[in-house]
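Each chain, written out:
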Amino acid sequence: MPKVSKSSASSHLVVPGLTESHGEDINGWNVSLAADDKDLDLARLFKGAPNNLCQASHLGYVIKGKFGVRKADGTEEIYEAGDAFVIEPGHTPLSFAGGEYVAFTSSEDAKWQAAVMMPNMPQFAKDQGVELPEDLAMPS
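Cut-off values and rules
- Residues numbered from 1 in each chain as written.
- Predicted model: local features only at pLDDT ≥ 70, side-chain atom pairs only at ≥ 80, totals over all residues.
- Heavy atoms only, no water.
- Helix = DSSP H or I, 4+ residues; strand = E, 2+ residues; numbered from the N terminus.
- Rg over C-alpha atoms; globule rule 2.2 N^0.38 Å.
- Buried < 20%, exposed > 50% of the residue type's maximum accessible area, 1.4 Å probe, protein only.
- Contact = heavy atoms within 4.5 Å.
- Areas by Shrake-Rupley, 256 points an atom, 1.4 Å probe, with all protein chains shown as cover.
- Lys, Arg positive; Asp, Glu negative; His and termini not counted.
- Charge placed at Lys NZ, Arg CZ, Asp CG, Glu CD.
- Polar contact = N/O pair within 3.5 Å; in protein donor to acceptor, adjacent residues only side chain to side chain.
- Phe/Tyr/Trp six-rings, centres within 6.5 Å; stacked < 30°, edge-to-face > 60°.
- Lys NZ or Arg CZ within 6 Å of the ring centre and 35° of its normal.
- Patch = residues over 30% accessible without salt bridge, like charges linked within 9 Å, V, L, I, M, F, W, Y side chains within 5 Å.
- Salt bridge = Lys/Arg side-chain N within 4 Å of Asp/Glu carboxyl O.
- 1 Å grid on protein atoms, 1.4 Å probe; cavity = no way out; pocket = protein on both sides within 12 Å on 5 of 7 lines; lining within 4 Å.
- Points joined across faces, edges and corners; volume = space filled by probe spheres on them.
- Nonpolar A, V, L, I, M, F, W, Y, C, P; charged D, E, K, R; others polar.

Engineer: How do you make sense of the overall build of the protein chain when you look at a structure like this?
Structural biologist: Scanning the protein chain for helices and strands turns up 1 helix and 10 strands. In sequence order, the protein chain lays out its α and β elements as β-β-β-β-β-β-β-β-β-β-α. On C-alpha atoms alone, the protein chain measures out to a radius of gyration of 14 Å, which is about the 14 Å that the 2.2 N^0.38 rule sets for 140 residues. The principal-axis extent of the C-alpha atoms belonging to the protein chain is close to 45 × 35 × 30 Å. Looking at the protein chain residue by residue over its 140 residues, the buried ones come to 41%. Excluding contacts between residues fewer than 6 apart, the proportion of contacts in the protein chain whose partners are at least 24 apart in sequence is 61%. Per element, the accessible surface of the protein chain, about 7800 Å² overall, is 52% carbon and sulfur. One finds the centroid of the 11 positive side-chain charges in the protein chain at a distance of 3 Å from the centroid of its 20 negative side-chain charges.

Engineer: How do you make sense of the side chain of Asn30 when you look at a structure like this?
Structural biologist: Structurally, Asn30 is set in strand E3 (residues 29-36). Separated by 3.0 Å, the side chains of Asn30 and Ser32 make a polar contact. Residues contacting Asn30, with those up to four places away along its chain left out, are Glu24, Asp25, Ala103, Phe104, Thr105, Ser106, Ser107 and Ala110.

Engineer: Is there a simple way to think about the packing of aromatic side chains in this case?
Structural biologist: Note on aromatic pairs: each is described by the distance of the centres and the angle between the planes. Enumeration according to the criterion identifies 3 aromatic pairs in this entry. Taken together, the ring pairs connect Phe67, Tyr79, Phe85 and Tyr101 into an aromatic cluster. If you follow Lys66 out to its NZ or CZ, it ends over the ring of Phe96, 4.6 Å from the centre.

Engineer: Is there a simple way to think about a nonpolar patch on the surface in this case?
Structural biologist: A cluster of nonpolar side chains, contributed by Trp29, Leu59, Val86 and Phe104, occupies part of the molecular surface with about 370 Å² of accessible area. By the element assignment, Val86 lies in strand E8 (residues 84-87).

Engineer: What exactly am I supposed to notice about the layout of surface pockets here?
Structural biologist: By volume, the largest pocket amounts to about 840 Å³. Lining the largest pocket are 34 residues; nearest its centre among them are Leu13, Ser21, Ser32, Gln113 and Met117. When contributions to the lining of the largest pocket are tallied by element, the ones reaching two or more residues are strand E1 (11-15), strand E2 (19-26), E3, E8, strand E9 (91-95), strand E10 (100-106) and helix H1 (107-127). In terms of residues, the lining of the largest pocket owes the most to one element, H1, which gives 8 residues. Split by residue class, the lining of the largest pocket holds 20 nonpolar, 12 polar and 2 charged.

So, in structure tokens, the structure goes:
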């Protein structure tokens, strides 16, 4: 049976001062193991998506600290250590320093999500005063 850990994950997104994420595509699911360094509203990363909101569904579990989302109606859902969650399309993520969680997203949704988020990452990082690693930096 397939499995993934931080050390075995095929993708690693490490942005010092923001986040560390390890992911793997397993049987049609993208499994992400994430740890956040800072309290952040990540809505800016979804600029250009329909209604500027994440259109993916996610299942997950908070290992440590907390993680949250802001829904289309402006309300927030905050999940704390020990909480399992189901997030429907139409949200933006909220990260909290010290939070660690695992999230499951269909591979199709995860590809769409990355295509929206990654072009927004350079400006987002700049706005946060964080220098991106060279493999993530895009020319201006």
